[in-house]
Structures are given as C-alpha cells and as structure tokens.
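# Results of the structural survey
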Amino acid sequence: MLVSYVVLPTTQTRSHYLSVCLILSVLFICIGFTIPLASQPEQCYDEITPNDMYSSDTCAWNGAFIIAGGLSATMWIFIRALSMNLQICWDIVPGKKFFYAAQAFGWGIPAVLFAASLTLTGLSYHFGNACLLNHKNSMADFWGPLLGIAGAAGLLQLATFGYCIHVYLKNLWSDQSQESSAASGSGLPSYNSSLPIQRTRINVYTLCLHG
C-alpha cells in the first residue's frame, strides 16, 4: 500500500497522512514479528533464564519494533478518531496546525512511552520467538497508557457514530413532518433537507474518500 502511495498519483490512491502514519506503525509491528523468523534466535540464556534485550540483539530489535508499532498505531488510531469527530460533529476541518500537532503527538507520545517501557520494564522471551515486555512496571509505562489511548479513541468513535444517528433520525422525523404538512396543504411533497444532515453526509463522504 505504501508503494502504491508513492508510485500512483494522489487522485487515484486518495492517500492521506493519517493513513500513511498508521500504515507505518503497523509496518513496525510486522517487522518486529518478522525479525525472529529470519534469525531463529536462542530463547534461553541458560537452563532457567531466558535471553533478554541485553543478552540478545534479536530480542532487542524485534521487541523494540513491536512495542514502538503498538504504541504508535494506537496513537494514530486515536488521532484519526479525533479528526473524524471534529469534521462530523463540530464541522471543523483540520488544517496545518492539526497536522503539525498530530505529527508531534502521534510520534512524540509513543516515543516517550517507548523509552520508558524499555528503560523501566525491559524485554525478554516469554513464549514463542517474539521478545515481549517484562511484567515489572509494565502496567504503568505501557499497558495503562495504551489502554487509556485506545479507550479514548473508542469513545470518540462511539460519540461520532451516535451523533450521526441523532442527526439522521432528527432529520428523518423533521422531513416526515414537513411532508405531511405539505401534503395536507398543497398536495405536493416537500423535499427540503436540513443543513446539519447535509453537512454530515458531505463530511462522511469526504472521510470515506480520504480515510
């Protein structure tokens, strides 16, 4: 997909920085799980101790890619949900300020959490060839923030979806009332449509094209 974004014109791929950044994050995760497939690392340091990021370079690299990809992908999903909410619910089109803020927070926050996770928690083999976070402090520096960001993204998505349903039903009832009044008054149906539902339809259509 990234190759198509580079080779093909934007009018054909409808590429957007929110999509590109999310794909890059997912690519990090894929690379993390691919590294041990190529190197076949030794998981055990001795009979009772697994290798960690200090005793195995493969563990350090594949674990780092997995952690970085997971954090950044979750952050970019939140930013995409925020962008959609602003456009549909508040009729605000994100501009350059949003772009720069998204780049700063989309990569900056995962970078801080990534550094904290590797410094305070560390990586080691637990099961399989993938090197994962240790248990110590992992809830504070990785799982807690990750679940918080994911939960916020989910709430934004639900709020946006709920707003779309609210506007649609409100407009539907309004149109039915207008049609009934027009039919009783002149015998002709009314085709007036409220501005909120038109904006919502346009915003959703635009997001589908660029999302």
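Since we're looking at a predicted model, the values are computed, not measured.

### Focus on the overall build of the protein
If you tally the helices and strands in the protein, you get 7 helices and 2 strands. Secondary structure elements in the protein, listed N-terminal to C-terminal, are α-α-α-α-α-β-β-α-α. Within the protein, the proportion of its 211 residues that are buried is 33%. Restricting the contact set of the protein to residue pairs at least 6 apart, pairs at least 24 apart contribute 68%. Counting every atom, the protein has about 12,700 Å² of accessible surface; 68% of that belongs to carbon and sulfur.

### Examining unusual backbone geometry
Residue Gln 40 is not a glycine yet carries a positive backbone phi of 50°. Within the secondary structure, Gln 40 is located in the loop between α3 (17-39) and α4 (57-89). Judged by relative accessible area, Gln 40 falls into the exposed class, the value being 53%. Residues other than glycine seldom take positive phi values, yet Asn 137 does so here, at roughly 65°. Locating Asn 137 in the fold gives a position in the loop between β2 (131-133) and α6 (138-185). Exposure remark for Asn 137: the relative accessible area of 38% places this residue in the partly exposed category.

### Remarks on the nonpolar core
In this structure, Met 53, Cys 59, Ile 67, Leu 71, Leu 113, Leu 118, Leu 123, Tyr 125, Cys 131, Leu 133, Phe 142 and Leu 146 together form the largest nonpolar core, which totals 12 residues. For this core, the elements supplying multiple residues, two or more each, are α4, α5 (96-121), β1 (123-125), β2 and α6. Take this core: its biggest share by element is 3 residues, from α4. With residues near it in sequence (within four places) discarded, Cys 59 still touches Asn 51, Asp 52, Met 53, Leu 123, Ser 124, Tyr 125 and Cys 131. If you look at the next biggest cluster of nonpolar residues, it comprises 10 residues, including Leu 22, Ala 73, Met 75 and Ile 149.

### What to know about the UniProt feature "transmembrane region" (unreviewed entry) in the protein
Under the feature "transmembrane region" (unreviewed entry), the UniProt entry names residues 16-38, 59-79, 99-125 and 146-169. Counted over residues 146-169, helix gives 100% and strand 0%. Its end C-alpha atoms are 35 Å apart.

Definitions and limits used
- Residues numbered from 1 in each chain as written.
- Predicted model: local features only at pLDDT ≥ 70, side-chain atom pairs only at ≥ 80, totals over all residues.
- Heavy atoms only, no water.
- Helix = DSSP H or I, 4+ residues; strand = E, 2+ residues; numbered from the N terminus.
- Buried < 20%, exposed > 50% of the residue type's maximum accessible area, 1.4 Å probe, protein only.
- Contact = heavy atoms within 4.5 Å.
- Areas by Shrake-Rupley, 256 points an atom, 1.4 Å probe, with all protein chains shown as cover.
- Core = buried A, V, L, I, M, F, W, Y, C linked by side-chain atoms within 4.5 Å.
- UniProt positions renumbered as here; feature names shortened; annotations may be inferred.

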